Amino acid sequence: MHTEILWFAPAAALLLGYLLGSIPFGVILTRIAGAGDLRSIGSGNIGATNVLRTGRKGLAAATLLLDLAKGAAAVWLVAGLFPGNELAAAAAAFVGHCYPVWLRFRGGKGVATLMGIVLALHWPMGLIYAAVWLGLLATLRISSVAGMAAAVSAPVSGALFGRFDYVMLLLALAAIVLWKHRNNIERLLAGTEPRIGDGKSDPTRDEAAADG
């Protein structure tokens, strides 16, 4: 009985985190708005950039904010309900977003959800994440580079702030972000990765980081 009690909180944190993270807000919002099935539009990704391809800027912004919010909510809810299991919830929320069971494990790339997680765990780290993401997005206009750099900044800033209890998890999540962007990396190396605002970009291949 004692062992069952010990396992209850971590298991509940994992389940709650995964369920929150796996909510496909992009798919839900586009369907409600009558914009069609997001998975059959553009790159087929479920994130904000692909929502933007429907021509609905408001829906794209809402998707970005909700994907961010669900990562933060998973951490905050578990902090209140099952203290000490925040990292389990964070990991589960991220995995839920990237690999949602409802969509046959074909989810987003995790950049927005990871930002919500980082903000909830340690807000100064979240500010660095946002600064790297938005700063590179504005200067380079390559979404994939901005998103990957932001993800990598999370474990680096964790170490700089002395939050070594977060570093290993953030390293693992950043590695998943890079893996999800493997096609973008190939195009970057080939010099064919499109920039934001480039009219020559191909929407079927432009799987930008904000699709996370």
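Residues numbered from 1 in each chain as written. Predicted model: local features only at pLDDT ≥ 70, side-chain atom pairs only at ≥ 80, totals over all residues. Heavy atoms only, no water.

Draft legend 1. Geometry of the packing of aromatic side chains. Evaluated as defined, the whole model comprises two aromatic pairs. With centroids separated by 5.9 Å and ring planes inclined at 75 degrees, the aromatic side chains of F8 and F82 adopt a geometry described as edge-to-face. Remark: F82 occurs in the loop between α4 (57-81) and α5 (86-98) and F8 occurs in helix α1 (residues 2-21); sequence separation between them is 74 residues. Relative accessible area serves as the criterion here: at 53%, F8 is assigned to the exposed category. For F82, a relative accessible area of 18% gives the class buried. Seen in terms of ring centroids, Y129 and W133 are 6.3 Å apart; in terms of plane orientation they differ by 90 degrees. Their pairing is edge-to-face. With Y129 and W133 both in helix α7 (residues 123-140) and four residues apart, the pair spans about one turn of that helix. The exposure classification of Y129 matches that of W133, with both residues buried. (Phe/Tyr/Trp six-rings, centres within 6.5 Å; stacked < 30°, edge-to-face > 60°. Helix = DSSP H or I, 4+ residues; strand = E, 2+ residues; numbered from the N terminus. Buried < 20%, exposed > 50% of the residue type's maximum accessible area, 1.4 Å probe, protein only.)

Draft legend 2. Region of the structure containing the confidence of the model for the protein chain. On average, residues of the protein chain carry a pLDDT of 87, and 87% of them reach 70 or more. Under a pLDDT of 50 for its full length, residues 200-210 has, in the predicted model, 36 contacts with residues more than four places off or in other chains. (pLDDT = per-residue confidence, 0-100. Contact = heavy atoms within 4.5 Å.)

Draft legend 3. Highlighting the pattern of salt bridges. Under the definition given, this model contains three salt bridges. Note that K70 is salt-bridged to D67, the shortest N-O span being 3.4 Å. Of the two residues, K70 and D67 both sit in helix α4, three residues apart, roughly one turn of that helix. (Salt bridge = Lys/Arg side-chain N within 4 Å of Asp/Glu carboxyl O.)

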